[in-house]
Amino acid sequence: MKKRSIFVAFSLLVSLALTACGGAQTVTGSKNLLEQIKADGKIRIGTEGTYPPFSFHDASRKLTGFDVEIAEEVASRLGVRPEFIETQWDGMFAGLDSKRFDMIANNVGIRPDRQEKYDFSDPYILSKPVLIVNKDNDTIKTFADLQGKKSAQTLTSNYKDIAASKGAEIVGVEGFNQAIDLLTSKRADAIVNDGLAFLDFIKQKPDSPVKVVAELDEPAIMGIMFRKDNKELVEAVNQALADMKKDGKYLSISQKYFGIDVSK
């Protein structure tokens, strides 16, 4: 009887040891996000699709834009295909949190409060915020003049924070195009937004009754955004961006949309 008890106890110990080993193998063998992306053969990318020239649909309804082409090139250099998931700006971060996509490529400003929760690529866009008003508006000439005025802004953007810091009453919108609509219909007094986005807009619609009256000297710095603790993916994307700048592909895309190198 003693021998049987000893045998059972020994068998139990062996079983527990094997289980522990198996558990360790499972943890060690689990894929990080970059490995999972490569195994799946695709990277999911959150973007607006309504924010030219960064992410929009052309006349043929094809998704295109500076950020879209940059992300496509990054995916190519990772050896996977890009899958774009179009999302309104105010739902973009929640989509990343819920793992609907693996990264965001949408002219996202790198800010300390965001860096507490998310990781960013190296900066790849520098652009100065501008103050946009209706052409017949002569009362708003500087950012200080926003005090008490209605400014049309997406609620989670750094441009909204700039407008609010100047005392503006924020009118929430879903994107730049809606903000322009409110401005031209005089349901808003101003917009604070990306200077490059405005240049593209006025190039496409030169007769639009809007104008830039002021520009901030401090540029906004943009990066591709990721969930925390995915350093392998961040490093791989940074390497792809660095290689693109080195071999001229980045400059080619930048000149196509802006006529200049927007990383400087």
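Rules behind the numbers
What you see as residue numbers is a count from 1 along each chain, following the sequence as written. At least 70 in pLDDT is required for a residue's local features to be given in this predicted model, at least 80 for side-chain atom pairs to be given and counted, and no such filter applies to totals for whole chains, interfaces and linings, which use all residues. Heavy atoms from the whole structure form the basis of all side-chain values; hydrogens and water molecules are not counted. Geometry is summarised by axes, namely lines fitted to C-alpha atoms with helices restricted to the contacting stretch, and by angles between N-to-C directions that run from 0 to 180 degrees. Helix numbering and strand numbering both begin at the N terminus, where a helix is a DSSP run of H or I of at least 4 residues and a strand a DSSP run of E of at least 2. Angle categories: roughly parallel below 35 degrees, roughly antiparallel above 145, roughly perpendicular from 65 to 115, and oblique for all the rest. Here a residue-residue contact requires only that any non-hydrogen atoms of the pair lie within 4.5 Å. In this count, Pro and Cys sit with the nonpolar residues alongside Ala, Val, Leu, Ile, Met, Phe, Trp and Tyr, while Asp, Glu, Lys and Arg are called charged and the others, Gly among them, polar. Between buried and exposed lies partly exposed: a residue is buried under 20% and exposed over 50% of the maximum accessible area for its type, with that area taken using a 1.4 Å probe on protein chains only. Counting rule applied: Lys, Arg positive; Asp, Glu negative; His and chain ends not counted. In the sections that follow, a salt bridge refers to a side-chain nitrogen of Lys or Arg positioned within 4 Å of a carboxyl oxygen of Asp or Glu. Directions pointing from the helix axis toward each C-beta atom define the arc. Definition of a polar contact: a pair of N or O atoms within 3.5 Å, with one able to donate and the other able to accept a hydrogen when the atoms are protein atoms, and with sequence-neighbouring residues admitted only if both atoms are side-chain atoms. Among buried residues, the Ala, Val, Leu, Ile, Met, Phe, Trp, Tyr and Cys ones that are joined through side-chain atoms within 4.5 Å form a nonpolar core. Here, strands pair whenever DSSP counts at least two bridges between them. As a per-residue measure, pLDDT reflects the predictor's confidence and takes values from 0 up to 100.

Colleague: Sorry, what's going on with the packing of helix α2 (residues 33-40) against helix α9 (residues 231-247) here?
Modeller: How two helices pack is summed up by the angle between their axes together with the distance between the axes. Look at α2 against α9: their axes get within 6 Å of each other, and the N-to-C directions meet at 70 degrees. The pairing of α2 with α9 is recorded here as roughly perpendicular in orientation. Along its contact with α2, which presents Leu33, Leu34 and Ile37, the element α9 presents Glu232, Leu233 and Ala236. Along the lines of polarity and charge, the residues of the contact of α2 with α9 split into 5 nonpolar, no polar and 1 charged.

Colleague: Just checking my understanding: could you explain the side chain of Asp200 for this structure?
Modeller: Topologically, Asp200 is positioned in helix α8 (residues 195-204). The charged side chain of Asp200 is buried without a salt bridge, its nearest counter-charge being Lys203 at 4.1 Å. If sequence neighbours within four positions are ignored, Asp200 has contacts with Pro52 and Pro53.

Colleague: Is there a simple way to think about α2 in this case?
Modeller: Side chains that are three or four residues apart share a direction in an α-helix, a result of its 3.6 residues per turn. Inspection of α2 places Leu33, Leu34 and Ile37 among the buried residues, and these make up the whole buried set. Here the buried residues of α2 occupy an arc of 100 degrees about the axis, which is enough to place them on one side. Here the buried face of α2 lies against β1 (42-47), β13 (220-227) and α9. Among the residues of α2, the N-terminal cap falls to Asn32, whose side-chain oxygen and the backbone nitrogen of Leu34 are separated by 3.0 Å. Gly41 lies just past α2 and shows a positive phi near 80 degrees.

Colleague: Looking at this structure, I do not really get the nonpolar core. What am I missing?
Modeller: Within soluble globular proteins, side chains that are nonpolar generally end up buried alongside one another. If you look at the biggest cluster of nonpolar residues, it comprises 64 residues, and the most contacted ones within it are Ile43, Phe66, Ile70, Leu233 and Val237. Per element, the largest residue contribution to this core is 7 residues, and it comes from α9. Once residues lying within four places of it in the same chain are set aside, the contact partners of Phe66 are Pro53, Phe54, Tyr124, Ile125, Tyr250, Ile253, Ser254, Tyr257, Phe258 and Val262. One finds Trp89, Leu96, Phe101 and Phe120 within the second-largest nonpolar core, a separate group that totals 11 residues.

Colleague: Which parts of the structure should I look at to understand the pairing of β1?
Modeller: Every other side chain in a regular strand lies on the same face of the sheet, so the side chains alternate between the two faces. Alignment of β1 against strand β4 (residues 81-86), held across 6 bridges, turns out to be parallel. Its bridge partner being in β4, Lys42 is matched across the sheet by Arg81. Summarising the sheet, β1 and strand β5 (residues 103-109) pair through 2 bridges and their orientation is parallel. Bridging from a neighbouring strand, Ile45 pairs with Met103 of β5.

Colleague: What am I meant to see in the packing of α9 against helix α10 (residues 249-258) here?
Modeller: Contact geometry for α9 and α10: axes closest at 4 Å, N-to-C directions at 80 degrees. In terms of orientation, α9 and α10 fall into the roughly perpendicular class. Contact residues: α9 offers Met244, Lys245 and Asp247, while α10 offers Lys249, Tyr250 and Ile253. Its residues assigned to classes, the contact of α9 with α10 shows 3 nonpolar, no polar and 3 charged.

Colleague: Help me understand the pattern of salt bridges in this model?
Modeller: A side chain of one charge can pair with a side chain of the opposite charge if their charged atoms are brought near each other. This structure, assessed with the given rule, holds 13 salt bridges. Here Glu83 ties to Lys42 by a salt bridge, and the two come within 3.0 Å at their closest N and O atoms. Pair noted here: Glu83 is in strand β4 and Lys42 is in strand β1, with a separation of 41 residues, a long-range link. The class of Lys42 is partly exposed, set by a relative accessible area of 25%. The closest approach of N and O atoms between Lys228 and Asp119, which form a salt bridge, is 3.2 Å. In this pair, Lys228 is assigned in the loop between β13 and α9 and Asp119 in strand β6 (residues 118-120), connecting sequence segments 109 residues apart. Through salt bridges with shared partners, a single network forms among Arg111, Asp113, Lys160 and Asp161.

Colleague: Would you mind showing me how to read the confidence of the model for the protein here?
Modeller: Should pLDDT be low for a region, the predicted coordinates there are not to be read in detail. For the protein, the mean per-residue pLDDT works out to 90, and 89% of the residues sit at or above 70. Segment residues 1-28: pLDDT under 50, and 0 contacts once partners within four positions in sequence are set aside and those in other chains are kept.

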